[in-house]
Structures are given as structure tokens and as C-alpha cells.
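Next come the chains, spelled out residue by residue.
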Amino acid sequence: MELFYEIEGDGSPIVMIHSGGVDSRVWRYMVPELAQSFKVITFDGRGTGRSPAMQEPTSLVEDLRKLLEHLGLDRATLVGHSMGGQVATDFTLSYPSMVEQLVVIAPSLTGYVYSQEFTNYMTSVNAAAPDISKLVELSLAGPIYRATMASPHGSFLSEMHAHYMARVFTEWRCFEVLWPEPPTIERLEKIAVSTLFIQGTIEWPDMYNIAEHFKRVPAIQFAEIQGADHMLVITHAKQLANCIQHFILGELDNAVDPKK
């Protein structure tokens, strides 16, 4: 197994796990901020960016474990966005001794049943396959991308998304991702590390439902970034990095505390 990775900065290690539909370039604006205080590791998940295509059923959790072991990291803080947040959460439950702290940014959640609204959206996007340009157009027309697509970062997101889609439909030989059992949604209260849940205000209702489930994590804080959509890692990178840094250093006030 080979994965493309990069390391920047010195200090306590942070491993950044990107979402589906893009690659590790999505962190390009956050890494310089975080690397001033930490050792920041980014990587292209299997089948994305500069990593090999999916050829067989794959555990993204085990890919992450093998990467950490290759880098000689016994313990690290995990920062995961969207599906990367799902990977980070599942990893934390599977290998708790290897996780210092957990940060999930607009995460998906293993075992969560998505709304009909979201399911219909995904069905309409997938129906365009294998027309790459149409896939990208329909996908990024989703309401959770409207702030990013209206910003100067729209073309960057479109380019990454097109590269991802092209690889999926020309190189991937398998589309099955293996997730730990039982589903994480049933085990969130077992997460022992300090956890930060961050989301923007332009999201599917599903994200708020997922946040409700994450309230079961014993040591969790919530932060919400006004005016940000699902790709807040691009559009609000500095604010997001600052929030994460304060959390890791134990200096974050709860921006939102749904437990009260």
C-alpha cells in the first residue's frame, strides 16, 4: 500500500484527513497556519490525488493506521473533514491509544441514515455518470457548496472535483469501502479523547442531526462558523485553523454548547 503524503512544520503531530471528491490540496490554506505551531501531515486518500486507485475493497481506517505506523507516530491529533471526519472518528474508536485529540469538520457518520433530500441529490448526481463535466456541474450545484462556488475559490474546488471524478471513472476497479462494525453511530459515547465538532451554517439538515448524535461524546465542544458552507476548509481556512489551534492548546471557549 502506498499513499502520497507531505509533512510541514515541527511540534506535536496533526494528521489531516480530507473529504471525498477532492484530495489533500484542499488543506493548502490551512497547513501554513497550523504548521507554525505543529507538525502537519497531509495525504491523498486511496484513489485520490497522487495515491493509487482503488483496486479492491478498502478500509480507509486501516490505510490511516498504516500511514501513522510508517511515519513512526505512536499518537497524533486527527483532523478530518466530511468523510475524512468519518474516518477519523472510526479510527479513534478502533485505535484509541493512537489518538491525542479529535477534530471533525462537517463530518459524515458511519451508520447514519441520510434524509430523502440528500439521497435524491446524490441519485441525480450519480445519474450523470460517466459524463465527468456533468457530474461536477450537478455535484457542485448542491446547496452546501453555494458559498464556495460564489467565492474566488470556486474554480479551485471545480478543478479538484473534476480530477477526482476522472480518476474514479477511469482508474478505480472497486468502489467498496469497509467500515468498522458495529457502526460508529452506536458507539459515540465510547470516544474518550477531547473532541471538537465544527461546521458552517450553510449545510444539509443532516449535518445538524449528526451534531445531535455527537453530543453523546463525553468530552466534546462545538463551534459554528457563520456564512461557511461544507467547504469551509477552503473558504474559512484561517479562522478554522485558529479554532483548531486554540482547541489543541486547551484555550477554546465553546462557540456553541448544545448540552446547555
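Remember, it's a predicted structure, so these values are computed and weren't measured experimentally.

Definitions and cut-offs
Residues numbered from 1 in each chain as written. Predicted model: local features only at pLDDT ≥ 70, side-chain atom pairs only at ≥ 80, totals over all residues. Heavy atoms only, no water. Helix = DSSP H or I, 4+ residues; strand = E, 2+ residues; numbered from the N terminus. Polar contact = N/O pair within 3.5 Å; in protein donor to acceptor, adjacent residues only side chain to side chain. Contact = heavy atoms within 4.5 Å. Buried < 20%, exposed > 50% of the residue type's maximum accessible area, 1.4 Å probe, protein only. Arc of directions from axis to C-beta. Expected span 1.5 Å × (residues − 1). Axes fitted to C-alpha atoms, helices over the stretch in contact; angles between N-to-C directions. Parallel < 35°, antiparallel > 145°, perpendicular 65-115°, else oblique. Left-handed = near helix turned anticlockwise from the far one by under 90°. Nonpolar A, V, L, I, M, F, W, Y, C, P; charged D, E, K, R; others polar.

Caption draft 1: Looking closely at the side chain of Arg167. Locating Arg167 in the fold gives a position in helix H7 (residues 154-170). Within the local environment of Arg167, its side chain forms a polar contact with the backbone oxygen of Ser51, the two atoms lying 2.7 Å apart. Residues within four places of Arg167 in sequence aside, it is in contact with Gly47, Thr48, Gly49, Arg50, Ser51, Pro52, Ala53 and Trp172.

Caption draft 2: How the structure looks around helix H5 (residues 132-140). Within H5 the residues assigned to the buried category are Leu135, Val136, Ser139 and Leu140. Buried residues of H5 fall within an arc of 110 degrees about the axis and therefore sit on the same side.

Caption draft 3: Structural detail: H7. Along its 17 residues, H7 runs 24 Å from first to last C-alpha, staying within 8% of the 24 Å computed at 1.5 Å per residue. Within the span of H7, buried status applies to Gly154, Phe156, Leu157, Met160, His161, Tyr164, Met165, Arg167 and Val168. The buried residues of H7 occupy an angular sector of 165 degrees when projected down its axis, which confines them to one face. Turned more than 90 degrees from where H7 packs its buried face, Ser155 and Thr170 sit exposed. Check the buried side of H7 and you find it contacts H5, helix H6 (146-149) and helix H9 (232-235).

Caption draft 4: Geometry of the packing of helix H4 (residues 116-126) against H5. Running from N to C, H4 and H5 point in directions that differ by 160 degrees, and their axes come no closer than 8 Å. Between H4 and H5, the crossing angle belongs to the class labelled roughly antiparallel. The interaxial crossing formed by H4 with H5 has right-handed handedness. Here Tyr121, Ser124, Val125 and Asn126 of H4 come into contact with H5, specifically with Leu135, Leu138 and Ser139. For the contact of H4 with H5, the class distribution of residues is 4 nonpolar, 3 polar and no charged.

These figures come from the coordinates and say nothing about function on their own.
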